[in-house]
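Survey of secondary and tertiary structure
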Amino acid sequence: MKAISVGKAMDMMSLWPALVNTLAVLATVTVVSAGGTRWALVAPLVPLAIILWRQRRTLWRVPRGVGGIGRYLTARFILIAAAAAQLFVSGEFQALEIVACVFTVVALAVEPMVRSANGVAVPYASNFPGHEARNKAKFPYGWMFPLNLLALLALVLTELSGVLFLVIAVVFSSVSIVIALFAFLDIVGRIQERRRFQADLDARIEEMGPVFYVYWNAPPRSAFQVTMWLPYLERLGVPFMLVVRTAPNFRQLANATDHPVLLRRSLADLDALNVPSARGVFYVNNSMRNNHMVRYSRLTHIQLLHGESDKASSATPVIRMYDRNFVAGQAAIDRFEKFGVSMHPEIFRIVGRPQVEDVDQERGPIGELEDRSVLYAPTWLGYQAETNYSSLLAGAAIVQGLLDRGCRVVFRPHPYSSRDPDLRDACHTIRQMLEADASATGREHLYGALAESEMSVVDCFNASDAMISDVSAVVGDFLHSGKPLAMVSPRTGADEFVEQFPMARAAYVLEAVGAQLNNLDEALDQLVGTDARRENRLQWATYYLGDIPRENYADRFVQVAAEELGLSAPDDAAANDGDDLQRPGEQPQAI
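Keep in mind that this is a model prediction, so the values were computed, not measured.

Turning next to the sheet that holds strand β13 (residues 508-513). Overall, mixed pairing links the six strands, which are arranged β10-β9-β11-β12-β13-β14 in an open sheet. Across the chains shown, the open sheet's two edge strands, defined by having one partner strand only, are β10 (408-411) and β14 (516-517). Across three bridges, strand β11 (residues 466-469) lies against strand β12 (residues 485-489) in parallel orientation. Bridge pairing in β12 links I468 to A486.

Now the structure itself:
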C-alpha cells in the first residue's frame, strides 16, 4: 500500500480547519481571560498566521474565479469575535470599533453567498453560431478573500495603533462588500442569459443541424482524448457538436476547440440533443456516464477510445453497449478473446489509427546512424495497483544508459505523472540529468515544456530514432514508424510480460524491479545498435495498425465513419478501399 504523507493525511481528514478553529476559540478565551493586555494579541495572530501560510499560493497571485473565498470561514468569524472581545475588555469598544466589527462580519458573511451563487451560474455553451455566451465572470470575485483577510488582520491589531487599523479594516471590508454586490449583479446576469439560451435550445440545435455528437466525461487534464480525434471528424464535412457533463470538462474543451461545446449536466438535459439531423454519437473513453447517452437507441453509438494498447481497459465488456467499436487493427479484436470477453463480430470496424498518418518512417537501420535520438515516454500509475505500468522509478537508470551510449534523449512523461509525488520527483531528476548532460556535451536533449507541451506526441516520434515506453497507447502509434522500440516490464520477467501484453512481441523488453533494471545493457545495445528484431517488428505493425496503405492512411477512418453515419453508401466505401479492407476475424498475412 502506498504511504500517505502527514500533510496529505491532514488534508484528507480536514485536520487543518479543525486545528485553526480550535486555536481561534482558544484565542478568544485567552483574550477575555487576559483582561485586555496587549500580549494577548499573540493568541489570535497564531491561527491567522496559519491561515495566511496555508493560503499563501492563493494570496500571491491574481485571483481566478472565486479564489479562496469561503475557506476557513468559521475560524475567521471566531477571530472577529476575539478581536471584538479584546477591544471590549480594554474599554475601547466605541462607535468606530463597532462599525469596523460589523463591516468585517458582513464582508465575511457574504463570501459563502457569492461562492454558492457562482456555483449556480455554471457555463453552458460556447461557439454557438449567432450567440455570444456568458460563461465567465466579468472580474475575479476572489479579490474578496485577501481583502477580508487584511481587514481581519487590521482589526486584530487595532490595539496597537488605534484609529489607523480601524479605518483600514472598514475600508477593506467596504471594498469587499462592494465587490460582492457587483459579483451578485454579474451572477444574476449570467444566470438570466443562460436561461434565455436554454429556452431556445431545441430550436438552436435544430437550426445548427448537427449530424453527430462527440460525448465526453473525464478527469481533469484529459482533453487530449477528444482533441486527438477532432481533425479526422472534421474531414467528414458535416456539422457536429461536443457534449460534456461537467463544468471543468466544458472549460477544457471550450479552450481547446472552436467547435460548438454544450454542457448538459442532468439526464433530462440530454433530451434536447435528439434532433432529426442527429445520426450518431462518438465516444472516446468508457466513462460511467456514457450510458446516459447510449439510451437514445435511434442514434448510432460508436466507441473510438483514445489509444491502442494491451491494457485490460481496452477489452472491457462495457464496449458491448455501443453499436460499433472502431479499432486500429486485428490485434484489438483478438484482445477481447484473450481477456475472455465474448463480443459479436459485427460490432468491430477496423479503421487504423488516423493520428499516426504524420508519423515519419525510420531514416534507416539505427545501427548505421551517426547520431541517434531516443524517446523515453513513460506512462503514469493508473487508478489501481494492477494498472500501474509506470517505469519512471527506474527512469533515471534508463536515461543514464542512453546518455552513456551517446544518444540524444527526448523525454515526454505522461501528463498525469505530476499527480504522484514519487513520479513527479523522478521526472525532476531526469530533467536535471538531461540539463547537466547538455551543458557538458552540447547534445540538444528535448525535455520540459518543449517536449511535454509545445511538441505533440507525433513531433516527439519524428524527432526520435527509437523509443522506450511502458504498456501504453504510444507504443501502438510508434509502430507505424517502423523504428525500434523497447517496453519496460514493471513486475514480471520478459516471457510472462510478452504473454500478458502481446504488443511487446514487437519490442525489446526491459525487466524492472522498482528502480532496478535486470537487463538494461543488453536491451539498450539491441535497441540502438544491432536491432535484430527489425523485420519482425514491421510485421506486427500491420497486425496492430491495420493492413492499410501508408498513403492517405487516415482516409480509412473517414470512409468507415461516413458509412456508419449513413453519409456514403457501403458499396461506395468498399469501392474506394478495394480489396485491402481488413474485416473482423481476418489475420494479417505477415503474422
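On we go from here.
So, on to empty space enclosed by the protein. Evaluation of the coordinates by the stated rule reveals three cavities of 30 Å³ or more. Looking at the largest cavity, its volume works out to about 150 Å³. Taken together, 17 residues make up the lining of the largest cavity; nearest its centre are L304, G307, F326, V327 and A328. Those elements that place two or more of their residues in the lining of the largest cavity are β7 (324-327) and α15 (330-338). In terms of residue class, the lining of the largest cavity is made up of nine nonpolar, five polar and three charged.

It is worth spelling out the packing of aromatic side chains at this point. Inspection of the entire model under this criterion finds 18 aromatic pairs. Aromatic side chains Y376 and F411 sit 5.8 Å apart centroid to centroid with 20° between the ring planes, which places their arrangement in the stacked category. Placement of Y376 in strand β9 (residues 373-377) and of F411 in strand β10 is noted, with a sequence separation of 35 residues between them. Just as Y376 is buried, F411 falls in that class too.

Before going further, it helps to examine the pattern of salt bridges. This model, assessed by the stated rule, comprises 17 salt bridges. Here D477 makes a salt bridge to R353, at a shortest N to O gap of 2.8 Å. Residue D477 is located in helix α20 (residues 473-478), and its partner R353 is located in the loop between β8 (348-350) and β9; the two are separated by 124 residues in the primary sequence. Judged by relative accessible area, which is 9%, D477 ranks as buried. A salt bridge links D437 to R443; the shortest N-O distance between them is 3.0 Å. Looking at D437, the relative accessible area reads 12%, which means it is buried. When its relative accessible area of 22% is taken as the criterion, R443 is described as partly exposed. When salt bridges with common partners are traced through the structure, they connect R324, R349 and E564 into a single cluster.

Relative to the elements of secondary structure, L181 occurs in helix α9 (residues 163-199). Residue classification places L181 among the exposed positions, given a relative accessible area of 52%. Sequence separation of L181 and Y124 is 57 residues, and the distance between their C-alpha atoms is 23 Å.

Now for the packing of helix α2 (residues 15-34) against helix α3 (residues 42-54). The contact between α2 and α3 brings their axes to 7 Å, and the two run at 155°. Classed by the angle they form, the pair α2 and α3 counts as roughly antiparallel. For the pair α2 and α3, the crossing hand works out as left-handed. Of the residues in α3, those touching α2 at W16, V20, L23, A24, A27, T30 and V31 are A43, P44, V46, P47, I50, I51, W53 and R54. The class makeup of the residues in the contact of α2 with α3 is 13 nonpolar, one polar and one charged.

Our focus in this paragraph is a positive patch on the surface. A contiguous patch of positive charge on the surface is contributed by R57, R61, R64, R71 and R115. By the element assignment, R64 lies in the loop between α4 (56-59) and α5 (73-89).

Along the chain, the position of S176 falls in helix α9. S176 sits in the buried class, given a relative accessible area of 0%. Each residue touching S176, except ones within four places of it in the same chain, is listed here: A107, M144, L147 and N148.

This brings us to the pairing of β12. For β12, the buried fraction is high: five of the five residues fall into the buried class. Each parallel crossover has a hand, and for β11 linked through α20 to β12 it is right-handed. Sheet topology note: the β12/β13 ladder contains four bridges and is parallel. Within the sheet, the bridge partner assigned to S489 lies in β13 and is E511.

The rules behind these values
Residues numbered from 1 in each chain as written. Predicted model: local features only at pLDDT ≥ 70, side-chain atom pairs only at ≥ 80, totals over all residues. Heavy atoms only, no water. Pairing = 2+ DSSP bridges. Helix = DSSP H or I, 4+ residues; strand = E, 2+ residues; numbered from the N terminus. 1 Å grid on protein atoms, 1.4 Å probe; cavity = no way out; pocket = protein on both sides within 12 Å on 5 of 7 lines; lining within 4 Å. Points joined across faces, edges and corners; volume = space filled by probe spheres on them. Nonpolar A, V, L, I, M, F, W, Y, C, P; charged D, E, K, R; others polar. Phe/Tyr/Trp six-rings, centres within 6.5 Å; stacked < 30°, edge-to-face > 60°. Buried < 20%, exposed > 50% of the residue type's maximum accessible area, 1.4 Å probe, protein only. Salt bridge = Lys/Arg side-chain N within 4 Å of Asp/Glu carboxyl O. Axes fitted to C-alpha atoms, helices over the stretch in contact; angles between N-to-C directions. Parallel < 35°, antiparallel > 145°, perpendicular 65-115°, else oblique. Left-handed = near helix turned anticlockwise from the far one by under 90°. Contact = heavy atoms within 4.5 Å. Patch = residues over 30% accessible without salt bridge, like charges linked within 9 Å, V, L, I, M, F, W, Y side chains within 5 Å. Areas by Shrake-Rupley, 256 points an atom, 1.4 Å probe, with all protein chains shown as cover. Lys, Arg positive; Asp, Glu negative; His and termini not counted. Charge placed at Lys NZ, Arg CZ, Asp CG, Glu CD. Right-handed = clockwise from strand over helix to strand, strands pointing away.

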